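# Residue-level structural notes
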Amino acid sequence: MVSITTFLKAQDEAVNTEKKQQGIDALKVAFISRELDLTPDEAQKFWPIYNQYAKDLKNTIGRGNDALERDEKVLNLRKSYKDQFSNVLGQQRMNKMYNAEGRFRNLLIKSMRNQNQNQRPQNNRLERGVGGGSRPGREREH
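Just so it is clear, the structure is predicted and the values come from calculations on it, not from any experiment.

Time to look at the confidence of the model for the protein. The predicted model of the protein averages 81 in pLDDT, with 73% of residues at 70 or higher. Across residues 132-136, confidence stays below pLDDT 50; counting only partners more than four residues off in sequence or on other chains, it has three contacts. Ignoring residues within four places in sequence, the model shows residues 138-142, a span with pLDDT below 50, making two contacts including any to other chains.

What follows is the structure, given as C-alpha cells:
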C-alpha cells in the first residue's frame, strides 16, 4: 500500500512538473514572439527551427558538469543554427532572439525567487508561533 501511494505521489509530481514546464514554454513562446514581432510567415518558418534548437540545447546543457565545456557546446550549437535562424530572421533579429531568451530566463528566475520569498514569511510566521495558538511559557489571557 505504501509503495502504491509513493508511486502515485511521484506520478502526480511528474504531471505537475510537466504542466508547469508546458506553462513556462507557452510563456516563452509568447515572450519571444512579441520581442521578435514575427509575421505569420516568419513564425511558420521560425518555430520548427527554434523548437529543434531548444531540444538540442536542453540535451547539451544536461550533459556533463564542466561549465566551460558546457558553454563551449552551447556556443557550437548556436553556431550550427546560425544560418537557419539568420535566413528566417536576419542577423540583427537573430541576436535579438538570443537576448530575448536571456531576458526571459532572468525574468523567470526573478519570478521564482519572488514566489519563494512570498512563501517563506508565512512559513516563518508559523514556525515562530505567530498567527494563532499560544506561545510556550505564556498563559493565555481570557
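After presenting the structure, the write-up continues.
Unlike most non-glycine residues, Asp-37 shows phi in positive territory, near 50°. What makes Asp-37 exposed here is its relative accessible area of 60%.

What follows covers the nonpolar core. Residues Ile-32, Phe-46, Tyr-50, Tyr-53, Phe-85 and Met-97 are the most contacted members of the largest nonpolar core, which totals 21 residues. Sorting the residues of this core by element identifies helix H1 (2-36), helix H2 (40-61), helix H3 (67-89) and helix H4 (91-128) as the ones contributing at least two each. The contact partners of Met-97, leaving out residues within four places of it in the chain, are Ile-32, Leu-36, Phe-46, Tyr-50, Phe-85 and Leu-89.

Moving on: H2. Given a rise of 1.5 Å per residue, 22 residues ought to cover 32 Å, and the 30 Å separating the end C-alpha atoms of H2 matches this to within 8%. When the local axis directions of H2 are compared, the greatest deviation, roughly 30°, occurs at Phe-46, which is followed within four positions by the proline Pro-48. Within H2 the residues assigned to the buried category are Glu-42, Phe-46, Trp-47, Ile-49, Tyr-50, Tyr-53, Leu-57 and Thr-60.

Okay, the packing of H2 against H3 next. At their nearest, the axes of H2 and H3 sit 10 Å apart, and the two run at 175° to each other. In terms of orientation, H2 lies roughly antiparallel with respect to H3. Residues Glu-42, Lys-45, Phe-46, Ile-49, Tyr-50, Gln-52, Tyr-53, Asp-56, Leu-57, Thr-60 and Ile-61 of H2 form the contact with H3, whose participating residues are Arg-70, Lys-73, Val-74, Leu-77, Arg-78, Tyr-81, Gln-84, Phe-85, Val-88 and Leu-89. Grouping the amino acids of the contact of H2 with H3 by side-chain chemistry returns twelve nonpolar, three polar and six charged.

Moving on, we come to the pattern of salt bridges. Tallying each qualifying case throughout the model produces five salt bridges. Between Lys-45 and Asp-41 there is a salt bridge, with the nearest N and O atoms lying 3.3 Å from each other. Remark: Asp-41 and Lys-45 occur in helix H2; sequence separation between them is four residues, near one turn of the helix. The partly exposed category is assigned to Lys-45, whose relative accessible area is 47%. Overall, the relative accessible area of 44% leaves Asp-41 in the partly exposed class. A salt bridge links Arg-70 to Asp-71; the nearest nitrogen and oxygen atoms lie 3.9 Å apart.

Here the focus is the packing of aromatic side chains. The final tally for this structure, using the stated rule, is twelve aromatic pairs. Judged by centre distance (4.7 Å) and plane angle (75°), the rings of Phe-46 and Trp-47 are edge-to-face. Ring geometry for Tyr-50 against Phe-85: centres 6.4 Å apart, planes inclined by 50°, an arrangement best described as tilted. Remark: Phe-85 occurs in helix H3 and Tyr-50 occurs in helix H2; sequence separation between them is 35 residues.

Moving on, we come to the layout of surface pockets. By volume, the largest pocket amounts to about 910 Å³. Lining the largest pocket are 27 residues, with Gln-21, Ile-24, Asp-25, Lys-28 and Leu-108 sitting closest to its centre. Secondary-structure elements contributing two or more residues to the lining of the largest pocket are H1, H2, H3 and H4. Looking at the lining of the largest pocket element by element, the count peaks at nine residues for H2. Here the residues of the lining of the largest pocket sort into 14 nonpolar, five polar and eight charged.

Parameters and conventions
- Residues numbered from 1 in each chain as written.
- Predicted model: local features only at pLDDT ≥ 70, side-chain atom pairs only at ≥ 80, totals over all residues.
- Heavy atoms only, no water.
- pLDDT = per-residue confidence, 0-100.
- Contact = heavy atoms within 4.5 Å.
- Buried < 20%, exposed > 50% of the residue type's maximum accessible area, 1.4 Å probe, protein only.
- Core = buried A, V, L, I, M, F, W, Y, C linked by side-chain atoms within 4.5 Å.
- Helix = DSSP H or I, 4+ residues; strand = E, 2+ residues; numbered from the N terminus.
- Expected span 1.5 Å × (residues − 1).
- Bend = angle between axes of the 7 residues up to and from the residue.
- Axes fitted to C-alpha atoms, helices over the stretch in contact; angles between N-to-C directions.
- Parallel < 35°, antiparallel > 145°, perpendicular 65-115°, else oblique.
- Nonpolar A, V, L, I, M, F, W, Y, C, P; charged D, E, K, R; others polar.
- Salt bridge = Lys/Arg side-chain N within 4 Å of Asp/Glu carboxyl O.
- Phe/Tyr/Trp six-rings, centres within 6.5 Å; stacked < 30°, edge-to-face > 60°.
- 1 Å grid on protein atoms, 1.4 Å probe; cavity = no way out; pocket = protein on both sides within 12 Å on 5 of 7 lines; lining within 4 Å.
- Points joined across faces, edges and corners; volume = space filled by probe spheres on them.

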